[in-house]
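# Inside the fold
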Amino acid sequence: MKIALFILILLIILTSVVLTRAFMLKPTSAKEAKVSLDTSERSVGYGKQLAKMVQKETISSRFDPDRTKFLEFHEVLEELFPNVHKTCEKHVFNGSLLYKWLGKTDKDPILFMSHQDVVEAGGTWEHEPFSGHIDETGRVWGRGTVDTKASLFCIFTAFEELIKEGYVPEVDVYIGSSCTEEWSGEGAPATVAYLKEQGIELALVLDEGGMILEEPVGGVKGTYAMIGLVEKGYGDVKFIAKSNGGHASAPTKNTPLVRLGKFMAEVEKHSPFESKFSPTLEEMFKRMAPNMDLGMKVIFANMWLFKPLLLKLLPSISSAAGAMLHTTLAFTTAKGSDGLNVLPQEAYVTGNMRFIHHQPNKESIEAVAAVAKRYDIETEIIYQDDPCPVVDYHSEAFRLVEETVREIYPGIGTCPYIMTGGTDAKYYGEVSKNCIRFAPLYIDQQQYGSVHALNENIYQGVLPMGVDFYKAVIKKSR
């Protein structure tokens, strides 16, 4: 009886502590913050200029070495930004670009980056993918508007307007824009190789990545700038099953395709990868917790208690949140027999892996290879990149970006977060300790979902804020 009473008292105390911690979290300004679209002539003019950039099709492919379309796109840039091209030192690396704006000192240079290439644009669009159509709501339509010609436009415009004003930066400022980002090609590595040859160490690299979103995670109210500080590693892996083949009229058990199917089903149902909250992810949820729904607030205000539960539940609640906890494996291509009535002697599937920092390439591949082995499946590595260095959210570089966001977008929240995709910034770790992935543009949920999909578009009314953001970072850098 005494033990039961003691347990009851403990539960009452624990419940009280948990609820008190949750109710102590008061909503922040981000909960009610909204981004107001600029409707001035400035935004209208910017929209027309961005449309010209979108109208030049710049689809890239590892199977197409011709760079003519990118050289033509460079001509569009020269037309739109004459002061940049008169003032800045320009280098071209087989279609990829690097501009240097000479500052008063060569100490602590910074580099803004946004790629010029886009992915293909199949399917039926509401407005043609390279039309640059601007509708009555001020949306500029077309492939590359979000990913990433809008941010590239804002970077160039910030340079163009500051140069026109006669401004000279305190430090050297660079623009990097590869034409091979969409397939991890040679553009960014060639640029980095040049910077290394020149002995340049960048105080800040600011590439694409997170953007400004309302309700970036389900159950979190408000508007947040999601600032990417972590980029996972990348890998393509082939899983191969073999047999003696045979005639399909008399199939044996556990043929290659069946074994591959069982293997894929097990990996999907029982992930072999270790889930873990990184300091970056904990900080992200800490900043969002005050604006969460009550149920979520109770849990995230008490991570010390609920963390083991969250590690189990988050991946099933949100695939995006789950991808921030562990290595991911997505099966992408497959091949079996060439004949419709022939059992394959060899079949394979390929998997795209994104390696988390606490279980990088070797450990993650070994974990999934152990599962494959149980089904008599071989594992072959096609390609791999290591996870990128993590940028500390206490760093001066992060604070600079964060402070500038708050100036340009008053009231919105700022959150460090883990990139689940890849960027050209992964190559720049050799020349900078502070590679931050963030484009300072507001997008809605439809626009977020349009990246690499149908009907990509962006509001022209967010472009002035993007330009002002880059200007502010330039002026703060010294």
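One can find the structure itself at the top, above this paragraph.
Counting of residues starts from 1 at the beginning of each chain's written sequence and follows it residue by residue. Per-residue local features of the predicted model are confined to residues with pLDDT of at least 70, and side-chain atom pairs are confined, for both listing and counting, to 80 or more; whole-chain, interface and lining totals are unaffected and use all residues. The basis for every side-chain value is the complete set of heavy atoms in the structure, and neither hydrogens nor water enter the calculation.

## Topic: helix α15 (residues 463-476)
- In DSSP terms, a helix is any run of H or I states spanning at least four residues, a strand is any run of E spanning at least two, and both are numbered starting from the N terminus. In this analysis, the expected span of each helix is defined as 1.5 Å times one less than the number of residues it contains. The terminal C-alpha atoms of α15, which comprises 14 residues, lie 20 Å apart, in line with the 20 Å expected from a rise of 1.5 Å per residue.
- Working definition: with a 1.4 Å probe on protein chains only, accessible area under 20% of the residue-type maximum means buried, over 50% means exposed, and in between means partly exposed. Most of α15 is tucked away, with 11 of its 14 residues classed as buried.
- Every buried residue of α15 is accounted for by L463, P464, M465, G466, V467, F469, Y470, K471, A472, V473 and I474.

## Focus on the nonpolar core
- Among the buried residues, those of types Ala, Val, Leu, Ile, Met, Phe, Trp, Tyr and Cys that are joined through side-chain atoms within 4.5 Å form a nonpolar core. Of all hydrophobic cores here, the largest spans 92 residues; its most connected members are F112, F159, M284, I436 and F438.
- By residue number, the principal contributor to this core is helix α5 (residues 145-164), which donates 11 residues.
- Grouped together as the second largest cluster of nonpolar side chains are 18 residues, F239, F273, M353 and V368 included.

## Some points on the sheet that holds strand β10 (residues 328-335)
- One bridge is not enough; two strands pair if DSSP finds at least two bridges between them. The four strands lie next to each other as β10-β12-β8-β13, forming an open sheet whose pairing is antiparallel. For this open sheet the edge positions go to β10 and β13 (377-385), each flanked by a neighbour on one side alone. Across the sheet, the mean angle from the axis of one strand to that of its neighbour is 20 degrees, orientation sign disregarded.
- The pairing of β10 with strand β12 (residues 346-355) spans seven bridges and is classified as antiparallel. The angle between two axes is taken between their N-to-C directions and runs from 0 to 180 degrees, where each axis is a line fitted to C-alpha atoms and a helix contributes only its stretch in contact.

## Topic: the environment of K56
- Secondary-structure assignment places K56 in the loop between α2 (41-55) and α3 (68-80).
- When residues no more than four places from it in sequence are discounted, the contact partners of K56 are K69, E72, F73, V76 and K149.
- A 3.5 Å cut-off defines polar contacts: any pair of N or O atoms within that distance qualifies, except that in protein one atom must be a possible hydrogen donor and the other a possible acceptor, and neighbouring residues in sequence count only when both atoms are side-chain atoms. A polar contact is formed between the side chain of K56 and the side chain of E72, at a distance of 2.5 Å. A contact between two residues is defined here by any heavy atoms of the two lying within 4.5 Å.

## Focus: the packing of aromatic side chains
- Centres within 6.5 Å are what make two rings of Phe, Tyr or Trp a pair, Trp counting through its six-membered ring; a difference in plane orientation under 30 degrees is then read as stacked, over 60 as edge-to-face, and the rest as tilted. Scanning the entire structure with this criterion turns up 17 aromatic pairs.
- Ring geometry for Y46 and F153: centres 5.3 Å apart, planes at 70 degrees, overall edge-to-face. Placement of the pair is Y46 in helix α2 and F153 in helix α5, with a sequence separation of 107 residues. Per residue, the accessibility class of Y46 equals that of F153, and both read buried.

## Side note on helix α6 (residues 187-197)
- Taken as a whole, α6 has its buried residues at G187, A188, T191, V192, Y194 and L195. Buried residues of α6, seen end-on, are gathered within an arc of 155 degrees and therefore sit on one face of the element.
- Following α6 by one or two positions, G199 has its phi on the positive side, about 70 degrees. Working definition: the arc comes from the directions between the helix axis and the C-beta atoms, pointing outward to the latter.

## Thoughts on unusual backbone geometry
- Residue T148 is reached from D147 by a cis peptide bond, and omega for that bond is -5 degrees.
- Inspection of the secondary structure puts T148 in helix α5.
- One non-glycine residue, N94, lies in the positive phi region at around 50 degrees.
- Take N94: it is sitting in the loop between β1 (89-93) and β2 (96-101).
- What makes N94 partly exposed here is its relative accessible area of 45%.
- A positive phi angle, close to 45 degrees, is found at E215, a residue other than glycine.
- Along the chain, E215 falls in the loop between β6 (204-214) and β7 (223-231).
- With relative accessibility at 38%, the residue E215 sits in the partly exposed group.

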